[in-house]
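Below are the chains, spelled out letter by letter.
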Amino acid sequence: MADLGTDPILAAEFVKFLNAQLQMLKRENDSLKQRVETLISHNGDVDTPDKYQQTISSLHESIDTLKRELNEARCSAEAHRREAGLWQGYYDKLKTSYVPENLGELQRKATVDKVIRLLKKDLAKHNASNSSETPLSSHTTQTYEEFQKFMLKLSASTAAEMYTGESRIVFDQPQLQILPKAAIAACDGGFAFFGSLVRWCPAPCQNGLLICPTLQYTPQSGTGVDTISASWSHPTEWSSLVGQRRELLDTDGEHLTYAGTFLIHAGPKLLQLTDLPDPSDKGLVHELAHRTFDPSSKSQRVKSKPYLLALGAMYKSTDGALPVSVLGLQRVGFNERFFAVLRKAYGKRGKASEKARAWARSETQRSMSPHDLGLDDDVVVSKKHAREEHEEEEMGTRPSKFPKLGCGLLDDF
């Protein structure tokens, strides 16, 4: 390649090229100056690199803030979506339950809830005005389990082997019946039947515990559910049993049995039903509600269902609105005379029942139709027709019938 210094033509071309580049750079410089002047005229000054960096940092922070807000909005939307799904499920259940056949159940629940609110309100007034008379002032710290251990340690009289199983049955129904006068006269201190209120100690101990209501409720006369005005009191019938003996009758499946003679001991005077084992026992709650409800008229007894349901719900609640007390049942004997009278009466009732069943069966057979006996209509009609013809022949009102020749004589061949 020739040197620029020795080749004038090449040097001239190179100079032209440099001039062209210089002119182009000048034009770009003028353009940049014009843009700077334009920016200065609009902004008054040109931002420095530090200001650009601050603006960029501020933009990044704004973007990060928007991202966080977007994530929070997404989380909130998901939570609202789940909540909307729950409410939709509640609505679907309510929509399916609110039908004419379930309307009565909804009305019953609303009535019971209203009764519960009114009873609790009146009970709070009663406790405030009779705070010195409530059993709260005499309640002990003894628990149900501690009292049960105490009853397990007490000795109990065991029944003879001959009085076990079916031999103890005295009534065929699990309800207290009218006792014979001889049995009442043979009682050692009276008889009692507490139903589902009795909780027996674990075998082989034959002692038990009696769950008692501490309050009694009587609606005021002439009031209904809408204008209920309750009258609460503290019954003494349960506390008066302490130290007394009773001939105890108890349920055994669908029968009523004689359990023995029991001495009653005092126990915890204020417990919640939830403090007891198996507090949701329907039999116990039902019995407590019935023993608490004391109607003053026949109409109140007939309309007692909402009151009983409300009292049962109050017993099962954890706020202790209706506490219970516990008494001990110690088995101290077996009244042979009392039991013999009940068994004798039970045997007589059994024989009378068997005669009544036999008579009912005979009457049923007499009143049965020919179809129930398995006879066809043509057989019944032919027998009836033959009996009528026989009676007419005996009375002479109809001549005897003889078979004609050729009719029925060759049937045997």
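From a predicted model like this one, the values you see are computed outputs, not experimental measurements. (Residues numbered from 1 in each chain as written. Predicted model: local features only at pLDDT ≥ 70, side-chain atom pairs only at ≥ 80, totals over all residues. Heavy atoms only, no water.)

**Looking at the packing of helix α6 (residues 282-292) against helix α8 (residues 305-316)**
- Running from amino to carboxyl end, α6 crosses α8 at an angle of 120°, the nearest separation of the two axes being 9 Å. As summarised for this structure, α6 and α8 are arranged oblique, according to the angle between their axes. Our pair here, α6 against α8, has a crossing hand that is right-handed. Touching Val285, Leu288, Ala289, His290 and Thr292 of α6 are Leu308, Leu311, Gly312, Tyr315 and Lys316, all from α8.
- Looking at the contact of α6 with α8 residue by residue, the class counts come to six nonpolar, three polar and one charged. (Axes fitted to C-alpha atoms, helices over the stretch in contact; angles between N-to-C directions. Helix = DSSP H or I, 4+ residues; strand = E, 2+ residues; numbered from the N terminus. Parallel < 35°, antiparallel > 145°, perpendicular 65-115°, else oblique. Left-handed = near helix turned anticlockwise from the far one by under 90°. Contact = heavy atoms within 4.5 Å. Nonpolar A, V, L, I, M, F, W, Y, C, P; charged D, E, K, R; others polar.)

**Here we look at the confidence of the model for the protein chain**
- When pLDDT is averaged along the protein chain, the result is 75; 70% of the residues meet or exceed 70.
- Ranking the helices and strands of the protein chain by mean pLDDT puts strand β4 (residues 208-213) first, with 93, and helix α11 (residues 377-395) last, with 48.
- Per-residue pLDDT stays below 50 along residues 134-138; that stretch engages in eight contacts with residues further than four places along the chain or on separate chains.
- Segment residues 375-384: pLDDT under 50, and four contacts once partners within four positions in sequence are set aside and those in other chains are kept. (pLDDT = per-residue confidence, 0-100.)

**A few points about the packing of aromatic side chains**
- In the structure shown here, the tally under the stated rule is twelve aromatic pairs.
- Ring centres of phenylalanine 194 and tryptophan 238 lie 6.1 Å apart, and the angle between their planes is 45°; this geometry places the pair in the tilted category. Of this pair, phenylalanine 194 sits in the loop between β2 (191-193) and β3 (198-200) while tryptophan 238 sits in the loop between β6 (230-233) and β7 (245-252), and the two are 44 residues apart along the sequence.
- Given a relative accessible area of 6%, phenylalanine 194 falls into the buried group.
- Its relative accessible area of 5% is what places tryptophan 238 among the buried residues.
- Seen in terms of ring centroids, tyrosine 217 and phenylalanine 293 are 5.7 Å apart; in terms of plane orientation they differ by 40°. Their pairing is tilted. Of this pair, tyrosine 217 sits in strand β5 (residues 216-219) while phenylalanine 293 sits in the loop between α6 and α7 (298-302), and the two are 76 residues apart along the sequence. (Phe/Tyr/Trp six-rings, centres within 6.5 Å; stacked < 30°, edge-to-face > 60°. Buried < 20%, exposed > 50% of the residue type's maximum accessible area, 1.4 Å probe, protein only.)

**As for the side chain of asparagine 335**
- Turning to its location among the elements, asparagine 335 is positioned in the loop between β9 (324-333) and α9 (336-366).
- A distance of 3.0 Å separates the side chain of asparagine 335 from the backbone nitrogen of phenylalanine 338, its partner in a polar contact.
- Apart from residues no more than four positions distant in its own chain, asparagine 335 is found in contact with Ala186, Cys187, Asp188, Glu247, Tyr258 and Thr261. (Polar contact = N/O pair within 3.5 Å; in protein donor to acceptor, adjacent residues only side chain to side chain.)

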